[in-house]
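The lines below spell out each chain.
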Amino acid sequence: NEQLNDVDHHHLRELRVFLRSVKREIIKDSRFQIFAIQVPRQECADYFDNIRAPMNLKLMSSKIDGQQYHTLAQFREDSQLIRENTKVLHALSRY
């Protein structure tokens with residue numbers, strides 16, 4: 001693993017600040033409140049049977065704080081994962 005220099009640390013810190021602000025704006029919108037926390041297992045067992053990689057905004061916050069996002073693309077991938085998981089769950093609920 002490469003050692004990060006001060007400039008790299010600064011950029012990663014700025015990315016975390018930006019990602020936190022993006023997440024705060026998302027959660028303000030009532031349409032996205034349903035994605036704030038993990039789907040309760042007792043309410044939707046099918047979710048865990050059919051979703052290979054559960055994702056929610058609380059988990060994304062933990063990943064920001066845990067410095068697990070090194071690029072905006074990684075954050076976007078998790079955002080898209082929420083969307084894809086929702087599509088799967090919606091399709092399951094139609095049958």
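Higher on the page you've got the structure.
Considering the pattern of salt bridges
Now for step 1: Throughout the structure, instances matching the rule amount to five salt bridges.
Now for step 2: Between D29 and R31 there is a salt bridge whose closest N-O contact spans 2.5 Å.
Now for step 3: Given the relative accessible area of 22%, D29 is considered partly exposed.
Now for step 4: A residue is classified by how much of its surface remains accessible, and R31, at 60% relative accessible area, is exposed.
Now for step 5: In this structure, the salt-bridge partner of E84 is K87, at a minimum N-O distance of 3.6 Å. Residue E84 and its partner K87 are located together in helix α4 (residues 72–93), separated by three residues, close to a single helical turn.

Concerning the packing of aromatic side chains
Now for step 1: For the coordinates displayed, the defined rule picks out three aromatic pairs.
Now for step 2: Seen from their ring centres, F32 and F35 are 6.5 Å apart, and the 40° between their planes marks the pair as tilted.
Now for step 3: Ring geometry for Y69 versus F75: centroids 5.5 Å apart, planes at 75°, classification edge-to-face. Of the two residues examined, Y69 and F75, each falls in the buried class.
Now for step 4: R41 extends its terminal NZ or CZ atom over the ring of F48, reaching a point 4.0 Å from the ring centre.

Reading the values: the criteria
Residues numbered from 1 in each chain as written. Predicted model: local features only at pLDDT ≥ 70, side-chain atom pairs only at ≥ 80, totals over all residues. Heavy atoms only, no water. Salt bridge = Lys/Arg side-chain N within 4 Å of Asp/Glu carboxyl O. Buried < 20%, exposed > 50% of the residue type's maximum accessible area, 1.4 Å probe, protein only. Helix = DSSP H or I, 4+ residues; strand = E, 2+ residues; numbered from the N terminus. Phe/Tyr/Trp six-rings, centres within 6.5 Å; stacked < 30°, edge-to-face > 60°. Lys NZ or Arg CZ within 6 Å of the ring centre and 35° of its normal.

Any link to function would need more than the numbers given here.
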